[in-house]
Amino acid sequence: MNYLNWLQKVFPKLKDTPNEIIISYVDEAKSDTELLREFIKVLGGLLFILPFNLYLYISGIQSFTSPLYWMLVIVSFGVGGFFGLYCEQRLIKRRLKKIVQLKYT
């Protein structure tokens, strides 16, 4: 996601601010939330990918030659990855809002 454009849309007063300063805010927000973002990625895998694939294994759908099995496995990875990405972007946006509000108030 392009956080530079997002920040300039949400905070119009940043349009006159040099891009290097805004990029430093984005880097600061990413570094502040790095551990929590990794935790959420692991949590997304544990909540979506692992239980679903365990269910596929127990239900007997597991057949390595079946296209349905591979489609379901790929979809489970997609859902888990989407969950992690969505939460990561929300965390970074929330942190960016706090940084900008602290710097410009």
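Residues numbered from 1 in each chain as written. Predicted model: local features only at pLDDT ≥ 70, side-chain atom pairs only at ≥ 80, totals over all residues. Heavy atoms only, no water.

Enquirer: Can you help me understand the packing of helix H1 (residues 3-10) against helix H2 (residues 19-32) in this one?
Expert: Axes are the key here: two packed helices are described by the angle between their axes and the distance separating the axes. Look at H1 against H2: their axes get within 10 Å of each other, and the N-to-C directions meet at 105°. With respect to their mutual orientation, H1 and H2 come out roughly perpendicular. Residues Tyr3, Leu4, Leu7 and Gln8 of H1 form the contact with H2, whose own contacting residues are Asn19, Ile22, Val26 and Lys30. A class-by-class count of the residues in the contact of H1 with H2 yields 5 nonpolar, 2 polar and 1 charged. (Axes fitted to C-alpha atoms, helices over the stretch in contact; angles between N-to-C directions. Helix = DSSP H or I, 4+ residues; strand = E, 2+ residues; numbered from the N terminus. Parallel < 35°, antiparallel > 145°, perpendicular 65-115°, else oblique. Contact = heavy atoms within 4.5 Å. Nonpolar A, V, L, I, M, F, W, Y, C, P; charged D, E, K, R; others polar.)

Enquirer: It is not clear to me how the environment of Phe48 should be interpreted in this structure. Could you clarify?
Expert: Relative to the helices and strands, Phe48 resides in helix H3 (residues 34-59). Linking Phe48 and Gly81, residues 33 residues apart in sequence, is a C-alpha distance of 9.1 Å. Ignoring any residue separated from it by four or fewer positions in sequence, one finds Phe48 in contact with Val79, Gly80 and Phe83.

Enquirer: Would you mind going over a nonpolar patch on the surface with me for this structure?
Expert: A surface patch of nonpolar side chains, about 790 Å² in accessible area, is lined by Leu36, Phe39, Leu43, Leu47, Phe48, Leu68, Met71, Val75 and Val79. Only H3 and helix H4 (67-104) provide two or more residues apiece to the nonpolar patch. With respect to the helices, strands and loops of the structure, Val75 is situated in helix H4. (Patch = residues over 30% accessible without salt bridge, like charges linked within 9 Å, V, L, I, M, F, W, Y side chains within 5 Å. Areas by Shrake-Rupley, 256 points an atom, 1.4 Å probe, with all protein chains shown as cover. Salt bridge = Lys/Arg side-chain N within 4 Å of Asp/Glu carboxyl O.)

Enquirer: Help me out: how do you make sense of the environment of Ile99 in this one?
Expert: With respect to the helices and strands, the residue Ile99 is situated in helix H4. Put simply, Ile99 and Val26 are 73 residues apart on the chain and 9.1 Å apart in space, counted from C-alpha to C-alpha. Contacts of Ile99, omitting those with residues within four sequence positions, involve Tyr25, Glu28 and Ala29.

Enquirer: Even after reading the chapter, I still don't get the confidence of the model for the protein, so can you show me in this structure?
Expert: Low-confidence regions, as indicated by low pLDDT, have predicted coordinates that should not be scrutinised in detail. Taken as a whole, the protein shows an average pLDDT of 83; of its residues, 96% reach a score of 70 or greater. Per-element averaging of pLDDT across the protein places H3 at the bottom with 80 and H2 at the top with 90. (pLDDT = per-residue confidence, 0-100.)

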